[in-house]
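# Coordinate inspection notes
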Amino acid sequence: MANQVFLVVNDSANPILDEIDKNEKALLACNYSIPLFWFTLYSPNDVFLMDVEMDDAPVEQAPTLVVDLPTGIERAEERANNVFHILPHSYMDLYQQWLRFLKGLAPHPALPPKYVHIDLTELWMMSDDAEQFTKDLRMAVSAVDRTDRALWDVLIEEFVGIVMRSGFFSKEKKITYPKTVDGIQSLLTGYDWYGTFREK
């Protein structure tokens, strides 16, 4: 089974989600990486540690990301210019689709806000150094607020996994890995868990 991360929306800011919660509430997922667009929702202050029971070890603390949906949407809108300072502009339509997807999840303003979680426990468990993984995650989350090459290197190389031709800042930017349209979308937005993202 692939080591998956999940984008989960629910009514609680509590980052602790059991297996049933994930299966019922996960909207998007990705194998072995965290999709780039998901990072646009969060700030370093949204990285929390939660207790995880290990099979043959004591309870450990794994990082997770949690933000209220209105704040996440506002950030995603504000960060579009930073994202497309890095990515080819040909993915702007996909980013607009991402924003529409998020806004479609938002409840009426008179209702309590929903919260967007990233459950990345399976990815964290793959890391050789759990403490360094959490430090790198905080750096990666901060990348989307600026166009600092070093931070984007951490985000792209350590957590997303796309490969760009000619470097991030070239006018000839092109994603060269993955090779397929679906593969690229998976690393930018995640793949549909229940068919909720892709527009018909």
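Everything below is about the structure printed above this text.
Rules used throughout
- Residues numbered from 1 in each chain as written.
- Predicted model: local features only at pLDDT ≥ 70, side-chain atom pairs only at ≥ 80, totals over all residues.
- Heavy atoms only, no water.
- Helix = DSSP H or I, 4+ residues; strand = E, 2+ residues; numbered from the N terminus.
- Buried < 20%, exposed > 50% of the residue type's maximum accessible area, 1.4 Å probe, protein only.
- Contact = heavy atoms within 4.5 Å.
- Areas by Shrake-Rupley, 256 points an atom, 1.4 Å probe, with all protein chains shown as cover.
- Expected span 1.5 Å × (residues − 1).
- Pairing = 2+ DSSP bridges.
- Axes fitted to C-alpha atoms, helices over the stretch in contact; angles between N-to-C directions.
- Phe/Tyr/Trp six-rings, centres within 6.5 Å; stacked < 30°, edge-to-face > 60°.
- Polar contact = N/O pair within 3.5 Å; in protein donor to acceptor, adjacent residues only side chain to side chain.
- Salt bridge = Lys/Arg side-chain N within 4 Å of Asp/Glu carboxyl O.
- Core = buried A, V, L, I, M, F, W, Y, C linked by side-chain atoms within 4.5 Å.

Counting secondary structure elements, the protein chain contains 8 helices and 8 strands. Per-residue burial over the protein chain gives 50% buried out of 200 residues. Intrachain contacts of the protein chain at a sequence separation of at least 6 include 70% that bridge at least 24 residues. Split by element, the accessible area of the protein chain, about 10200 Å² in all, is 50% carbon and sulfur.

Another aspect to go through is helix H4 (residues 92-105). Counting along an α-helix, one turn takes 3.6 residues, and residues three or four places apart therefore face a common direction. Taking 1.5 Å of rise per residue, the 14 residues of H4 would be expected to cover 20 Å, and the 20 Å separating its terminal C-alpha atoms lies within 8% of that figure. Those residues of H4 that sit buried are Leu 94, Tyr 95, Gln 97, Trp 98, Leu 99, Phe 101, Leu 102 and Leu 105. Here the buried face of H4 lies against strand E1 (4-10), strand E2 (26-31), helix H2 (69-78), helix H3 (80-86) and helix H8 (181-189).

Quick look at the pairing of strand E5 (residues 115-119) now. Judged by how many residues are buried, E5 sits mostly within the fold: 4 of 5 residues are covered. Pairing geometry for E1 and E5, over 5 bridges, is antiparallel. In the strand pairing of E5, Leu 7 is matched with Ile 118. Here strand E4 (residues 60-68) pairs with E5 via 4 bridges, running antiparallel. Bridge pairing in E5 places Val 67 opposite Val 116.

Taken in spatial order, the 6 strands of this open sheet run E3-E4-E5-E1-E2-E8, and their pairing is antiparallel. Looking at strand neighbours, the two that pair on one side only are strand E3 (47-52) and strand E8 (191-192), the edges of this open sheet. Its contacts with the sheet put helix H6 (residues 130-143) on E3 and E4, and the angle it makes with E4 is roughly 15°.

Taken as a whole, this structure holds 6 aromatic pairs when the rule is applied. Between Phe 37 and Tyr 95, the aromatic rings sit 4.8 Å apart at their centres with planes inclined by 85°, giving edge-to-face as the arrangement. Placement of the pair is Phe 37 in the loop between E2 and E3 and Tyr 95 in helix H4, with a sequence separation of 58 residues. Centroid distance Phe 37 to Trp 98: 6.4 Å. Interplanar angle 45°. Geometry classified as tilted. Highlighted residues: Phe 37 in the loop between E2 and E3 and Trp 98 in helix H4, separated in sequence by 61 residues. Residue Phe 37 is classed as buried on the basis of its relative accessible area, which comes to 0%.

Turning next to the side chain of Asp 119. With respect to the helices and strands, the residue Asp 119 is situated in strand E5. Given the relative accessible area of 3%, Asp 119 is considered buried. Within the structure, Asp 119 has its side chain in polar contact with the backbone nitrogen of Thr 121 (distance 3.1 Å).

For the rest of this paragraph, the subject is the pattern of salt bridges. Summed over the entire model, instances satisfying the criterion amount to 6 salt bridges. Among the salt bridges present, the one from Lys 114 reaches Asp 11, with a minimum N-O distance of 3.0 Å. Of this pair, Lys 114 sits in the loop between H4 and E5 while Asp 11 sits in the loop between E1 and helix H1 (19-25); the two residues are 103 residues apart in sequence, bridging distant segments of the chain. The class for Lys 114 is partly exposed, based on a relative accessible area of 24%. One salt bridge connects Glu 77 with Lys 103, and the closest N-O pair in it is separated by 2.6 Å. Within this pair, whereas Glu 77 is found in helix H2, its partner Lys 103 is found in helix H4, the two being separated by 26 residues in sequence.

Let's shift gears to the nonpolar core. Counting 59 residues, the largest nonpolar core has Leu 7, Ile 34, Leu 36, Phe 39, Leu 87 and Trp 98 as its most contacted members. Leave out the neighbours within four places in its chain, and Phe 39 touches Ile 34, Arg 79, Leu 137, Ala 140, Val 141, Val 144, Leu 155, Phe 159 and Val 160.

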